[in-house]
Amino acid sequence: MHPPEYIAQRLREIERASAENLLLALTDDCCTLSNLKRFTESEEELRTMARTILARYGDEATYHANVNRPGPVPGTLDFTTSHWGYNPLSVYSEDCGLIVVSDTEVGMFWNFSDY
């Protein structure tokens, strides 16, 4: 168990479009969008699914990630860059995740890899 201070310093708030991309990227061990071509659904169909999941939390939800792929605007993630990092919250060598917070619930979506 980690105290709140430990977790808070490893997460950053991101905006909804970046949360959508991150939710899709979590389907790949390397936390990239390049894996989307492996699915039988089109990219737009996958994005619709991600939007459906995020819609569950409402328009006022906040999004938090331990992934660091800074975009040009604060709070955005850039999945076109090969430079990225993360602040692990587990014992695995790669630990990437998204936390969605609404007034009524918290959703956690994670990918763990240990190479």
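In what follows, the accompanying structure is described. For clarity, every value in this text was computed on a predicted model and none was experimentally measured. (Residues numbered from 1 in each chain as written. Predicted model: local features only at pLDDT ≥ 70, side-chain atom pairs only at ≥ 80, totals over all residues. Heavy atoms only, no water.)

Right, let's get into the overall build of the chain. When helices and strands are tallied, the chain shows 3 helices and 6 strands. Its helices and strands taken in sequence order, the chain reads α-β-α-α-β-β-β-β-β from the N to the C terminus. Viewed in the frame of its principal axes, the chain has a C-alpha envelope of about 40 × 35 × 30 Å. Within the chain, the proportion of its 115 residues that are buried is 38%. Restricting the contact set of the chain to residue pairs at least 6 apart, pairs at least 24 apart contribute 58%. For the chain, the accessible area works out to roughly 6,900 Å², and carbon and sulfur atoms hold 56% of it. The average position of the 9 basic charges and that of the 18 acidic charges among the side chains of the chain differ by 3 Å. (Helix = DSSP H or I, 4+ residues; strand = E, 2+ residues; numbered from the N terminus. Buried < 20%, exposed > 50% of the residue type's maximum accessible area, 1.4 Å probe, protein only. Contact = heavy atoms within 4.5 Å. Areas by Shrake-Rupley, 256 points an atom, 1.4 Å probe, with all protein chains shown as cover. Lys, Arg positive; Asp, Glu negative; His and termini not counted. Charge placed at Lys NZ, Arg CZ, Asp CG, Glu CD.)

Moving on: the packing of aromatic side chains. All chains considered together, the criterion is met by 0 aromatic pairs. Against the face of Tyr6 rests Arg10, its NZ or CZ located 3.5 Å from the ring centre. (Phe/Tyr/Trp six-rings, centres within 6.5 Å; stacked < 30°, edge-to-face > 60°. Lys NZ or Arg CZ within 6 Å of the ring centre and 35° of its normal.)

This part covers helix 3 (residues 43-55). Over its 13 residues, helix 3 runs 18 Å from end to end, which matches the ideal 18 Å to within 8%, given 1.5 Å per residue. Here the buried face of helix 3 lies against helix 2 (16-25), strand 2 (62-65) and strand 5 (94-101). (Expected span 1.5 Å × (residues − 1).)

The subject of this paragraph is the side chain of Ser18. Relative to the elements of secondary structure, Ser18 occurs in helix 2. Looking at Ser18, the relative accessible area reads 2%, which means it is buried. In this view, Ser18 contacts Gly75, Thr76, Leu77 and Phe79; residues no more than four positions away in its chain are not counted.

Burial analysis of helix 2 places 8 of its 10 residues in the buried class, which makes it a mostly covered element. Buried within helix 2 are the following residues: Ser18, Ala19, Glu20, Asn21, Leu22, Leu23, Leu24 and Ala25. Buried residues along helix 2 sit against strand 1 (12-14), helix 3, strand 2, strand 3 (67-68), strand 5 and strand 6 (106-113). A side-chain oxygen of the first residue of helix 2 lies 3.1 Å from the backbone nitrogen of Ala17; this N-cap is Glu15. (Polar contact = N/O pair within 3.5 Å; in protein donor to acceptor, adjacent residues only side chain to side chain.)

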